[in-house]
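Results of the structural survey
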Amino acid sequence: MKVDNEQMAAYDETETFWEKIQQQRVKSGDILGWDLWSLQPGGEIQGFQYLTVSLYSNPVKMMDGSSWSNIMERVKAAYPNMTETELTEKINGSAKTRDLAVRIYVQQIATTIGFSPTEMVLGTIAEIDMMKVDLEHYNTYENAEKEVFQSLHQKEVDSGKKLNWGLIRFMNPIGSDTYASYMTVSMFKDYNQALNQNINYGEGATPAKTKQMQEGIAARDLKFVYMAQLIRMAR
């Protein structure tokens, strides 16, 4: 979400309104969960200040729009004392407080164990690394992340130095004109933990693993790194 500075208070009201609706969508099985993250850095010229995430049980349900088919029922369940006219005005007014700049459909293809999105609490910190990988190098990049880097992140999780790590592949849009094609997301309990991470990427390295790591790094372009804080959620 891109929000003009003068719209920050209005945008907060918008997400306060939608949070209750998202809770009804979770309760009704439309989605598994919903998050609102505040992004750092978040200046206007950097593109986005907020990120919303909707979690789905399968990619078809995510992309075919069926999870929105009963949205007015969810809205009325969330706000039973408001008239339909009032609700419609409130929904239509949401668009005036923010610019839905980018929508991306993604799938998590690798993750560490020992933590679940259901265990997240407000204040959780995420480091989001945006990667651009050419289509012909997808396998090289993914294999390096899964076969080399994932185990290193798992050791950090096991030792209590981070909560989770995941590799996320863009499903739509993809192609040479897109900004990124993958994200890696590392979760931390707070900024102190996030800012003091110190992974030893050479630990236990063999010549073969080192070569695979180097090939994976060469296959991707690290486009941008965001730090994000979880400020609203529905589960």
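Reading the values: the criteria
Residues numbered from 1 in each chain as written. Predicted model: local features only at pLDDT ≥ 70, side-chain atom pairs only at ≥ 80, totals over all residues. Heavy atoms only, no water. Helix = DSSP H or I, 4+ residues; strand = E, 2+ residues; numbered from the N terminus. Buried < 20%, exposed > 50% of the residue type's maximum accessible area, 1.4 Å probe, protein only. Polar contact = N/O pair within 3.5 Å; in protein donor to acceptor, adjacent residues only side chain to side chain. Axes fitted to C-alpha atoms, helices over the stretch in contact; angles between N-to-C directions. Parallel < 35°, antiparallel > 145°, perpendicular 65-115°, else oblique. Left-handed = near helix turned anticlockwise from the far one by under 90°. Contact = heavy atoms within 4.5 Å. Nonpolar A, V, L, I, M, F, W, Y, C, P; charged D, E, K, R; others polar. Salt bridge = Lys/Arg side-chain N within 4 Å of Asp/Glu carboxyl O.

**Description of the side chain of Q49**
- With respect to the element layout, Q49 can be found in the loop between β1 (33-40) and β2 (50-55).
- Using a relative accessible area of 4% as the deciding quantity, one classes Q49 as buried.
- Within the structure, the side chain of Q49 is placed 2.7 Å from the backbone nitrogen of V3, a separation counted as a polar contact.

**Quick notes on the packing of helix α5 (residues 138-158) against helix α7 (residues 207-219)**
- At a minimum axis separation of 8 Å, α5 and α7 run at an interaxial angle of 125°. Between α5 and α7, the angle falls in the class oblique. When you trace α5 past α7, the crossing you get is left-handed. Contacts between α5 and α7 involve T140, Y141, N143, A144, E147, V148, F149 and L152 from the former and K209, Q212, M213, E215, G216, I217 and A219 from the latter.
- Classifying every residue of the contact of α5 with α7 by side-chain character gives 8 nonpolar, 4 polar and 3 charged.

**Thoughts on the packing of helix α3 (residues 71-78) against helix α4 (residues 84-94)**
- Between α3 and α4, whose axes approach to 11 Å, the crossing angle comes to 110°. Classified by the angle between their axes, α3 and α4 sit roughly perpendicular to one another. From α3, M72, V75 and K76 reach across to α4, where they touch E84, L87 and I91.

**Focus on the pattern of salt bridges**
- In total, this model carries 11 salt bridges according to the counting rule given.
- Between R232 and D12 there is a salt bridge whose closest N-O contact spans 3.2 Å. A residue pair is termed long-range when its members are at least 10 positions apart, and R232 in strand β7 (residues 220-234) and D12 in helix α1 (residues 8-27) qualify at 220 residues.
- Among the residues examined, R232 registers a relative accessible area of 16% and is labelled buried.
- Note that E203 and K155 form a salt bridge whose closest N and O atoms lie 3.5 Å from each other. Of this pair, E203 sits in the loop between α6 (191-195) and α7 while K155 is found in helix α5, placing the two residues 48 residues apart along the sequence.

**Details of the environment of Y179**
- Within the element layout of this structure, Y179 appears in the loop between β5 (164-172) and β6 (182-188).
- Take Y179: its relative accessible area is 44%, and that puts it in the partly exposed class.
- Sequence separation of Y179 and E84 is 95 residues, and the distance between their C-alpha atoms is 40 Å.
- Aside from chain neighbours lying at most four places away, what touches Y179 is M130, K132, K223 and F224.
- Here K223 takes part through its backbone oxygen, which lies 3.5 Å from a polar atom of the side chain of Y179.

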